[in-house]
Amino acid sequence: MKKKSAMLVLILTLSSILTACGSYKFEPEMNIEVQDFSVTNQKNEKVSLNDFKGKPWLAMFVFTNCNSICPPMTYNMTEVQKGLQDKGVEDYQIVAFSVDPQVDKPEVLTNYLKTYSVPDESKWQLLTGYDQKFIEQFAMKSFKSRVKNDPNTDQVVHMGRYYLVNADGIVVKDYPAVTDVPVETIAADMKALTK
């Protein structure tokens, strides 16, 4: 009887290990359609939502004069990109919407990106070319993300989150972007969406 019990425990243990080694199951947590847009990237090229469809992308809201959460968010995104490379994920984009478009002209965004050790700049799209009212409404409608200009300073209030958008332009998940960034989870989720 002891041999049968031991064998049963061994079989159950092995089956749970094999199950854990199986394919990663992505679980969407959100379902928000990104509103269409036509903007300018850091290369001064016009881009729209259609340019990002067909592959998943990670979105964030930052600005170059930020003196609080943007520098760690941008640095952490370079770490996420390294995680994507480690997992062999190639078909994706990183999209950063400026929340201070009056200041963040294409050349300013280009210079900002150069201050970080970006593993692959070709994957990055830093966007501008709209007004403050647009980005505040767009962030809320498309990402349920608050953006608010502070009239008393040169700072803009915004959320420190990354947003995972699927190939159809639907926001399916968000993650902390300032501290405790789940690099492994983001890379695994992105890999699951690229299959």
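Our structure is the block above this text.
Note that the structure is a prediction, hence the values are computed from the model and not measured.

So, how was this worked out
Residues numbered from 1 in each chain as written. Predicted model: local features only at pLDDT ≥ 70, side-chain atom pairs only at ≥ 80, totals over all residues. Heavy atoms only, no water. Salt bridge = Lys/Arg side-chain N within 4 Å of Asp/Glu carboxyl O. Helix = DSSP H or I, 4+ residues; strand = E, 2+ residues; numbered from the N terminus. Pairing = 2+ DSSP bridges. Buried < 20%, exposed > 50% of the residue type's maximum accessible area, 1.4 Å probe, protein only. Right-handed = clockwise from strand over helix to strand, strands pointing away. Axes fitted to C-alpha atoms, helices over the stretch in contact; angles between N-to-C directions. Parallel < 35°, antiparallel > 145°, perpendicular 65-115°, else oblique. Left-handed = near helix turned anticlockwise from the far one by under 90°. Contact = heavy atoms within 4.5 Å. Expected span 1.5 Å × (residues − 1).

## Examining the pattern of salt bridges
Where charged atoms from two side chains of opposite charge come close, those side chains can pair. In this structure the tally under the stated criterion is 6 salt bridges. Lys55 is the partner of Asp91 in a salt bridge, and the nearest nitrogen-oxygen pair spans 3.5 Å. Taken as a pair, Asp91 in the loop between α2 (70-86) and β5 (93-98) and Lys55 in the loop between β3 (46-48) and β4 (57-62) lie far apart in primary sequence, 36 residues in all. We note a salt bridge from Asp174 to Arg161, for which the minimum N-O separation is 3.1 Å. Note that Asp174 is positioned in strand β10 (residues 170-176) and Arg161 in strand β9 (residues 161-165), a separation of 13 residues in sequence.

## Some remarks on the sheet that holds β10
Here we have 8 strands laid out as an open sheet, ordered β1-β10-β9-β4-β5-β6-β2-β3, and mixed in their pairing. Each of the sheet's edge strands pairs with one partner strand only, and the pair in question is β1 (32-33) and β3. Pairing of β5 with strand β6 (residues 124-128) involves 4 bridges; the strand directions are parallel. Among the inter-strand pairings, Ile94 is bridged to a residue of β6, identified as Trp124.

## Here's the deal with the pairing of β5
In terms of residue burial, β5 counts as a mostly covered element, since 6 of its 6 residues are buried. Burial along β5 is two-sided: the face carrying Gln93, Val95 and Phe97 and the face carrying Ile94, Ala96 and Ser98 are both buried. Bridge count between β4 and β5: 6 bridges; the pairing is parallel. Bridged to Leu58 within β5 is Ile94. As a crossover connection, the stretch from β4 through α2 into β5 is right-handed. One crossover worth recording links β5 to the parallel β6 by way of helix α3 (residues 106-114), and it is right-handed.

## A closer look at the packing of α2 against helix α5 (residues 183-194)
One can describe the packing of α2 onto α5 by two numbers: an axis separation of 9 Å at closest approach and a directional angle of 50 degrees. On the basis of the axis angle, α2 is oblique to α5. In this structure, α2 meets α5 at a crossing whose hand is right-handed. Facing α2, whose interface residues are Glu79, Val80, Gly83 and Leu84, α5 presents Val183, Ile186, Ala187 and Met190.

## Digging into the pairing of β4
Of all the 6 residues making up β4, 6 are buried; the element is thus mostly covered by neighbouring parts of the structure. By the alternation rule, side chains of β4 split into Trp57, Ala59 and Phe61 and Leu58, Met60 and Val62, which are all buried. As defined by bridge partners, β4 adjoins β9 across 3 bridges and the pair is classed as antiparallel. Each bridged residue has a counterpart across the sheet, and for Leu58 the counterpart in β9 is Leu164.

## A few points about α5
Compared with the 16 Å implied by 1.5 Å per residue over 12 residues, the 17 Å span of α5 between its first and last C-alpha is a close match. Of all the residues in α5, the buried ones are Ile186, Ala187, Ala188, Asp189 and Met190. Taken together, the buried residues of α5 touch β4, α2, β9 and β10.

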